[in-house]
Structure formats: C-alpha cells, structure tokens
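The lines below spell out each chain.
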Amino acid sequence: MGAGFGFTCKKCGNEYQAFLGSGMMYPSIYEEVMGEIQSGKYGAELQELSNTIPYVAVDAEDAVYYCQNCGIWEVSPIFILYGPRDMEYIQREIEEFGHSPCPWKSTLKAHYRIIRRYYHKCGKCGRRMRQLSSHETSSLPCPKCGEKNEGSMFRWD
Ligand SMILES: [Zn+2]
Ligand SMILES: [Zn+2]
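The following refers to the structure shown. (Residues numbered from 1 in each chain as written. Chains lettered and ligands numbered in written order. Predicted model: local features only at pLDDT ≥ 70, side-chain atom pairs only at ≥ 80, totals over all residues.)

## A short note on the overall build of the chain
Here comes step 1: What the chain contains, in helices and strands, is five helices and eleven strands.
Here comes step 2: Viewed in the frame of its principal axes, the chain has a C-alpha envelope of about 55 × 30 × 20 Å.
Here comes step 3: When each of the 157 residues of the chain is scored for burial, the buried share is 22%.
Here comes step 4: A separation of at least 24 residues holds for 64% of the contacts in the chain among residues at least 6 apart in sequence. (Helix = DSSP H or I, 4+ residues; strand = E, 2+ residues; numbered from the N terminus. Buried ≥ 20, exposed ≤ 12 C-beta atoms within 10 Å, placed from the backbone. Contact = placed C-beta atoms within 7 Å.)

## Side note on the sheet that holds strand E3 (residues 57–58)
Here comes step 1: Overall, antiparallel pairing links the three strands, which are arranged E3-E6-E7 in an open sheet. Every other strand in the sheet has two partners, leaving E3 and strand E7 (112–116) as the edge strands with one partner each.
Here comes step 2: Sheet topology note: the strand E6 (residues 81–84)/E7 ladder contains four bridges and is antiparallel. Counterpart to Tyr82 in the pairing with E7 is Ile114. (Pairing = 2+ DSSP bridges.)

## Here we look at the pairing of strand E1 (residues 2–8)
Here comes step 1: Sheet analysis places E1 next to strand E2 (residues 15–21), joined by seven bridges and oriented antiparallel. The residue bridging Gly2 from the neighbouring strand is Gly21, located in E2.
Here comes step 2: Counting the residues between successive antiparallel strands, the hairpin from E1 to E2 contains six residues, one of them, Gly13, with a positive phi of roughly 80°.

## A short note on the nonpolar core
Across soluble globular proteins, nonpolar side chains show a tendency to be buried alongside one another.
Here comes step 1: Judged by nonpolar contacts, Tyr30, Val33, Ile37, Leu46, Val56, Ala57, Val58, Ala60, Phe79, Leu81, Tyr82 and Tyr112 together constitute the single largest core of twelve residues.
Here comes step 2: Looking at this core, the elements that each hand over two or more residues are helix H1 (26–38), E3 and E6.
Here comes step 3: Element by element, the count of residues in this core is highest for H1, at three residues.
Here comes step 4: Setting aside chain neighbours within four positions, we find Leu81 in contact with Leu46, Leu49, Ser50, Val56, Val58, Ile115 and Arg116.
Here comes step 5: Ala63, Val64, Tyr66 and Leu140 belong to the second-largest nonpolar core, a separate cluster that totals eight residues. (Core = buried A, V, L, I, M, F, W, Y, C linked by C-beta atoms within 7 Å.)

## Some points on the pairing of strand E4 (residues 62–67)
Here comes step 1: The buried count for E4 comes to six of six residues, which makes it a mostly enclosed element.
Here comes step 2: The side-chain alternation of E4 yields two buried faces, one formed by Asp62, Val64 and Tyr66 and the other by Ala63, Tyr65 and Cys67.
Here comes step 3: Of the pairings in the sheet, the one linking E4 to strand E5 (residues 72–77) comprises six bridges and is antiparallel in character. If you follow Cys67 over to E5, its bridge partner there is Ile72.
Here comes step 4: Hairpin geometry of E4 and E5 is characterised by an intervening segment of four residues between the two adjacent antiparallel strands and by a positive phi of about 70° at Gly71.
Here comes step 5: As defined by bridge partners, E4 adjoins strand E8 (residues 130–131) across two bridges and the pair is classed as antiparallel. Looking at E8, one finds that Tyr65 is bridged to Gln131.

## Thoughts on unusual backbone geometry
Here comes step 1: A positive phi angle, close to 60°, is found at Tyr55, a residue other than glycine.
Here comes step 2: Relative to the helices and strands, Tyr55 resides in the loop between helix H2 (44–52) and E3.
Here comes step 3: Of note, the phi angle at Phe79 is positive, near 70°, even though the residue is not glycine.
Here comes step 4: Overall, the presence of 21 C-beta atoms within 10 Å leaves Phe79 in the buried class.

Don't take any of this as a statement about function, it's just geometry.
As structure tokens, this is what we get:
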C-alpha cells in the first residue's frame, strides 16, 4: 500500500500527481530496481555490494527528494541496501518460495539491517537531496513555475 499526492498549480495550471510507497506492483518494481543496481546504474559501490552480499535486499519504495539549493524535487526509489539480520527468516522464505525474498519495508525493518545508505544527488547542482516526510510532501513547489501548492494526499494500492 502507498500514498500519493497531487495538485493543480494555482498559478500556471500544471497538473501533477506522484505515487509514493509501494503498491500491488511492488514485487516487479523491486526486481527492476535491484537489477539496475546490480548492473551499475547507481554507481560502482552499490553494484559491488549488491552482487557480493548474500541475500542482499533493497528498499525500492518511492519517496520525494528535495534540493534545498535549487528548490526542485523528484520522486525516486530509496535505494538503501540491506543485508539479512535474521537468517532463520531467510531460510524459511527460501524453503517456502524457492528463492530469496523481495522484502517489503516492514520485513526489512524486522529481519534485515542497513548495509549502505544511498544519497540522492540533485541533477542540477550536484548537492545532496533530502528525503521529505509525507507531511512535507503535501506542500511542494510546482515543477513548471515554482509556485508553492498545497497538494491533496490519497491512498492507493
Ligand atoms: Zn505552476
Ligand atoms: Zn540542486
């Protein structure tokens, strides 16, 4: 299950909608994100860790990242890498499903530990972007004209 937000800009009329968290499609999104990490799309370090840590996992949920410097934001997977903390859990999953799990957030928190954080960099100025809380996400500048808009949140799954 996830949350989203949307707005119609009061200044320029641009409509915007973003989906956050994880929905029904999560398992296939998870596989895609992990595949991209393993192929090096997000840097050599994540690539190496994701190919060498046994039963590695990733937080593939989407979040909003904000550059304080430029005032721009983007929706991106969280990309934090996890390794197993609870091997009994992993073994149970493998016995049951025949492969290592693609864990949801609650599972990551319960049975894994963080191996490597990922810092999202602003595509414009290169500085580190900050992950916004869902509260902060409800008021974002319009990507087109920069006007601040009160968005409305919705739930989806
Ligand atoms: Zn606008
Ligand atoms: Zn920036």
